[in-house]
Amino acid sequence: MKARSFSHIGITVSDFNTAVKFYSDVFGCPLVGVSDAEPERVRAFFGVDGPAPACKIGWVRVPGNGILEIFSFEPKLPPEARIPWNRTGLTHFSFNVRDCQKWYDYLVSKGVECVTKPERSPRGHTFFFARDVDGNSIEMIDLRSEEHTSELQSRGLISYAV
């Protein structure tokens, strides 16, 4: 058995409209669908309780056909401290971009928190990290270096030139 492709990643946000606006305005990722889950579904499937639990779900289309699935719940839980890299679980997601320095300058001009500056990895690609409005870590990476692309292809991690 083999997976066909990467489909989506889901994040829970503090404010649905603010998150959708951020990903649309900053990254050009349009909202392509919205759904409101019924209270019983929120209780049974998501395990969120309360007098009238609610969940709004939005699907934001990312270039390359991926989806960023955005969840906004009521009642909300307070955010936890930044997730340490050595804790098991999701640490970040990544956008493949061209020219990390231009992206860094652009994100700074938009008021986005950039955690690191662009740097070149030992494998030849350039990357840096930023945070969204809720502190989720986003890696901006330029995978177009020939040696890095060749290595990924030889390891069967990609089947095309990026």
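Cut-offs applied
- Residues numbered from 1 in each chain as written.
- Predicted model: local features only at pLDDT ≥ 70, side-chain atom pairs only at ≥ 80, totals over all residues.
- Heavy atoms only, no water.
- Helix = DSSP H or I, 4+ residues; strand = E, 2+ residues; numbered from the N terminus.
- Buried < 20%, exposed > 50% of the residue type's maximum accessible area, 1.4 Å probe, protein only.
- Contact = heavy atoms within 4.5 Å.
- Core = buried A, V, L, I, M, F, W, Y, C linked by side-chain atoms within 4.5 Å.
- pLDDT = per-residue confidence, 0-100.
- Axes fitted to C-alpha atoms, helices over the stretch in contact; angles between N-to-C directions.
- Parallel < 35°, antiparallel > 145°, perpendicular 65-115°, else oblique.
- Left-handed = near helix turned anticlockwise from the far one by under 90°.

Details of the overall build of the protein chain
Right, so step 1: The helix and strand inventory of the protein chain stands at 4 helices and 9 strands.
Right, so step 2: Taken from the N to the C terminus, the helices and strands of the protein chain come in the order β-α-β-α-β-β-β-α-β-β-β-β-α.
Right, so step 3: Taking all 162 residues of the protein chain together, 37% fall into the buried category.
Right, so step 4: For the protein chain, restricting intrachain contacts to residue pairs at least 6 apart in sequence, the fraction spanning at least 24 positions comes to 52%.

Observations concerning the nonpolar core
Right, so step 1: With 27 residues, the main nonpolar core has Y23, F27, L68, I70, F95 and L107 as its most contacted residues.
Right, so step 2: Of all elements in the fold, only β1 (8–12), α1 (16–27), β3 (54–62), β4 (66–74), β5 (93–96), α3 (100–109), β8 (126–131) and β9 (137–142) reach the threshold of two or more residues within this core.
Right, so step 3: At 7 residues, the largest contribution of residues to this core is made by α1.
Right, so step 4: Once residues within four sequence positions are removed from consideration, F95 is found in contact with Y23, F27, C29, V62, I138, E139, M140 and I141.
Right, so step 5: By size, the runner-up hydrophobic cluster in this structure holds 7 residues, among which are A37, V42, C55 and I57.

Digging into the confidence of the model for the protein chain
Right, so step 1: Averaged over every residue, the pLDDT of the protein chain is 88; residues scoring 70 or more account for 89%.
Right, so step 2: Element-level pLDDT for the protein chain is lowest in helix α4 (residues 146–154), with a mean of 60, against a maximum mean of 98 in strand β6 (residues 113–114).

Describing the packing of α1 against α3
Right, so step 1: At a closest axis distance of 11 Å, the pairing of α1 and α3 adopts a crossing angle of 135°. Relative to α3, α1 is oriented oblique. Crossing hand, α1 versus α3: right-handed. Note on element contacts: α3 touches α1 through W103, Y106 and L107, opposite D25, V26 and F27.

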